[in-house]
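Here's the letter readout for the chains.
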Amino acid sequence: MCREEELFERVYAAYGASLYRFCLVQLGDPADAEDALQEVFCKRLYRAPGFPSPEQERRWLFRVAVNQCRDELRRRRRMAGPLPEDLPAPQVTDLGLWERVAALPEKQRTVVHLHYAEGYSVQEIAEVLGVTASAVKMRLARARAALRQAWEVEE
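Residues numbered from 1 in each chain as written. Predicted model: local features only at pLDDT ≥ 70, side-chain atom pairs only at ≥ 80, totals over all residues. Heavy atoms only, no water.

As annotated in an unreviewed UniProt entry, the protein carries the name RNA polymerase sigma factor and comes from Candidatus Oscillibacter excrementigallinarum. Listed in UniProt under the heading Sequence similarities (unreviewed entry), the comment for the protein reads: "Belongs to the sigma-70 factor family. ECF subfamily." (UniProt positions renumbered as here; feature names shortened; annotations may be inferred.)

What follows is the structure, given as structure tokens:
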């Protein structure tokens, strides 16, 4: 087995499932999540720096995944064009928690997933996203408020 195959297998075994879940929550489509994940791993194989620790490698991979998902969401918006103004607001109906998280705005959805699903601290999320810790705290607070409101609307 060549060095690249060994590297791919090691990195995929360690981070593949969590990165896929992240991309799926961000993009909402399994095929798009798989495409984004493939791009992340290609960048890991061919463009990544050396990593002094597994945690730094994990943060780098999530940063690349965040950027890859953002690029895909931007591409979708460009392709879709403007929405009609008379479009009705989406209704909250028997959605589970993670489906509600997936419906949050991108910035909120990203911090919620990284914090609750992947276990990153506020400071680690700030480093991954390149924002301040207070910005992460605010996004988490807004996301929790939006989720609370969505639960109350359904009851």
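So much for the structure itself; the text now carries on.
Before going further, it helps to spend a moment on a nonpolar patch on the surface. A grouping of Leu97, Trp98, Tyr116 and Trp151 is seen on the molecular surface, where their side chains present a nonpolar patch of about 410 Å² in accessible area. Mapped onto the elements, Tyr116 comes out in helix H5 (residues 106–117). For Tyr116, a relative accessible area of 45% puts it in the partly exposed group. (Patch = residues over 30% accessible without salt bridge, like charges linked within 9 Å, V, L, I, M, F, W, Y side chains within 5 Å. Areas by Shrake-Rupley, 256 points an atom, 1.4 Å probe, with all protein chains shown as cover. Salt bridge = Lys/Arg side-chain N within 4 Å of Asp/Glu carboxyl O. Helix = DSSP H or I, 4+ residues; strand = E, 2+ residues; numbered from the N terminus. Buried < 20%, exposed > 50% of the residue type's maximum accessible area, 1.4 Å probe, protein only.)

This next bit is on the nonpolar core. Grouped together as the largest cluster of nonpolar side chains are 35 residues, with contacts concentrated most on Leu19, Phe22 and Leu114. Contributions of two or more residues to this core are made by helix H1 (3–27), helix H2 (30–47), helix H3 (54–80), H5, helix H6 (122–129) and helix H7 (133–154). A total of eight residues in this core trace back to one element, the largest contributor, which is H1. Every residue in contact with Leu19, bar those within four places of it in the chain, is listed here: Leu37, Val40, Phe41, Leu61, Phe62 and Ala65. (Core = buried A, V, L, I, M, F, W, Y, C linked by side-chain atoms within 4.5 Å. Contact = heavy atoms within 4.5 Å.)

Each aromatic ring pair is specified by the distance between its two centres and by the angle formed by the two planes. By the definition in use, this model includes six aromatic pairs. Ring geometry for Phe8 versus Tyr12: centroids 5.6 Å apart, planes at 20 degrees, classification stacked. A residue pair is termed a helical-turn pair when its members lie 3 or 4 positions apart in one helix, as Phe8 and Tyr12 do in helix H1 at four residues. Aromatic rings pair up to connect Phe8, Tyr12 and Phe41 into one cluster. The ring of Tyr120 has Arg58 lying over it, and the distance from NZ or CZ to the ring centre is 4.4 Å. (Phe/Tyr/Trp six-rings, centres within 6.5 Å; stacked < 30°, edge-to-face > 60°. Lys NZ or Arg CZ within 6 Å of the ring centre and 35° of its normal.)

A rise of 1.5 Å per residue sets the reference length of H1, with its 25 residues, at 36 Å; its end C-alpha atoms lie only 31 Å apart and thus fall more than 12% short of the reference. Where H1 bends most, the angle comes to about 55 degrees, and this point is Tyr15. Considered for burial, the residues of H1 that qualify are Leu7, Val11, Tyr15, Gly16, Ser18, Leu19, Phe22, Cys23, Val25, Gln26 and Leu27. Of the residues trailing H1, Gly28 is marked for its positive phi of about 75 degrees. (Expected span 1.5 Å × (residues − 1). Bend = angle between axes of the 7 residues up to and from the residue.)

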